[in-house]
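Residues per chain are reported as follows:
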Amino acid sequence: MRKIFLAIAAVALLLSACKQQPAPLSPAETLIQRLDSLQHGPIMYGHQDDPFYGVSWQWEKDRSDTYELVGDYPAVMGFDLGGLEEHHSKNLDSVPFSWIREEAIRHAERGGIITFSWHPRNPRTGGNAWDVTDSTVVRNILENGEQYELFQGWLADVAAFLKTLTFEDGSPVPFIFRPWHEYNGSWFWWGQKLCSDEEYIALWKLTRDYINKELPGSVVWSCSPNLQGGWTEEALLARWPEGVDIVGEDCYQWGTEEDFVRQATDDIRFLSAFARERGMLFAITECGMQNSPVADWWSRVFLPCTEGSNALYFLPWRNWHVDHFGVAKETTTAEDFKALVESDAIRMLNDIQ
């Protein structure tokens, strides 16, 4: 009898252990967990198209303005998928997709974080993403719309490329995907005045559901409005999609420093609190000041706006000659940025490996 009891107890213990064993995390869940831990510390530096060209060079392998300035790579690298939808070999910024794939995997293998944006062409007019001459584009790529099948093909092309992002062992590279950004402006065909709130949310759902079906467990989703100032919960929720993991903010200074600081501080405080209350993360998904004319802009103007926000990263846009937004040894902000790196005020790749 005692042997029977012990056998039953052993089986019960084994079953209990099996029930308590947590399911393995997907690559996306693992990345979210990692990002969650990284938000409690200095903000990470990101950069768009970092390994492809710089202020004074183009298309040279193994170069990086960031590395040449501070001896380290960005913690986060951004790449754009615009052009995949028309089977181009290069994206809208003339970067070969083969090179994007290579550098994205390379950065992930060395411990970096990958984020993709997408500036698809206008599926109704054939113009670029900034073609806002037709205000019916979004409704016509939704189900039953005239361009629905065309857009389904576009999503298939994007998914097919993203599936090629794998490590040597064949496992998928997890990444952040940030489509349909700056939607509260009206300079893209999916912008505020070009589609209704319901249409925009439906576009997000259509995109998210398709990509998640094709790449289950690989994608961390980010939604990023543009700098606005004066956000309210009602205004944000009116156009906010479900299934977002990272709340973003695209945060450029175009006007006066005073206006920028006021708007950026207000937005960052509001959006970071919005994210925290709903279990999401927060990041400055694009930022900068054109031509970087103010030598201490990063340390004196921008970074103080992020204080207390637990922002994951800030990502200046691409270094396309001297008329864009990043940092490089040729720019006015070079010494300011180097001092931030040396003081551990921001985190680079080596700081998160």
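Parameters at a glance
- Residues numbered from 1 in each chain as written.
- Predicted model: local features only at pLDDT ≥ 70, side-chain atom pairs only at ≥ 80, totals over all residues.
- Heavy atoms only, no water.
- Phe/Tyr/Trp six-rings, centres within 6.5 Å; stacked < 30°, edge-to-face > 60°.
- Buried < 20%, exposed > 50% of the residue type's maximum accessible area, 1.4 Å probe, protein only.
- Lys NZ or Arg CZ within 6 Å of the ring centre and 35° of its normal.
- Helix = DSSP H or I, 4+ residues; strand = E, 2+ residues; numbered from the N terminus.
- Expected span 1.5 Å × (residues − 1).
- Contact = heavy atoms within 4.5 Å.
- pLDDT = per-residue confidence, 0-100.

Q: Is there a simple way to think about the packing of aromatic side chains in this case?
A: Think of a pair of aromatic rings as described by two things: how far the centres are apart, and how the planes are tilted against each other in angle. Applying the stated criterion to the full structure yields 33 aromatic pairs. Aromatic side chains phenylalanine 188 and tryptophan 190 sit 4.6 Å apart centroid to centroid with 15 degrees between the ring planes, which places their arrangement in the stacked category. A relative accessible area of 3% means that phenylalanine 188 is categorised as buried. Taking relative accessible area as the criterion, tryptophan 190 reaches 0% and is therefore assigned buried. Here a set of aromatic residues connected by ring pairs shows up, and it is made of Phe52, Tyr53, Trp59, Phe79, Trp99, Phe116, Phe175 and Trp320. One cation-aromatic arrangement involves arginine 110 over tyrosine 73; the distance from NZ or CZ to the ring centre is 4.0 Å. Across from the ring centre of tyrosine 210, 4.8 Å away, lies the NZ or CZ of lysine 213, which sits over that ring.

Q: Got a minute to help me understand helix H7 (residues 197-214) in this structure?
A: Turn by turn, an α-helix covers 3.6 residues, leaving residues three or four places apart pointing in a common direction. Along its 18 residues, H7 runs 26 Å from first to last C-alpha, staying within 8% of the 26 Å computed at 1.5 Å per residue. If you check which residues of H7 are buried, you get Glu199, Tyr200, Leu203, Trp204, Leu206, Thr207, Arg208, Tyr210 and Ile211. Buried residues along H7 sit against helix H5 (137-141), helix H6 (148-162), strand S4 (175-178) and strand S5 (219-223).

Q: How should the confidence of the model for the chain be read in this particular structure?
A: The predicted coordinates ought not to be read in detail in places where the model reports low pLDDT. Looking at the chain as a whole, the pLDDT averages 93, with 93% of positions reaching at least 70. Between residues 1-18, whose pLDDT stays under 50, and residues either more than four places distant or in other chains, the model counts zero contacts.

Q: Explain the environment of phenylalanine 337 here, please?
A: On the secondary structure map, phenylalanine 337 appears in helix H11 (residues 334-342). Residue phenylalanine 337 is classed as buried on the basis of its relative accessible area, which comes to 0%. In this structure, the C-alpha to C-alpha distance between phenylalanine 337 and aspartate 49, residues 288 residues apart in sequence, is 18 Å. Apart from the residues within four sequence positions on either side, phenylalanine 337 is in contact with Tyr45, Leu69, Val70, Phe314, Val327, Ile346 and Met348.

Q: Would you mind going over the environment of valine 261 with me for this structure?
A: Relative to the elements of secondary structure, valine 261 occurs in helix H9 (residues 257-277). The class of valine 261 is partly exposed, set by a relative accessible area of 29%. On a C-alpha basis, the gap between valine 261 and proline 304 in space is 8.7 Å, while along the polypeptide they are 43 residues apart. Dropping the residues within four chain positions of it, valine 261 is found in contact with Val301 and Cys305.

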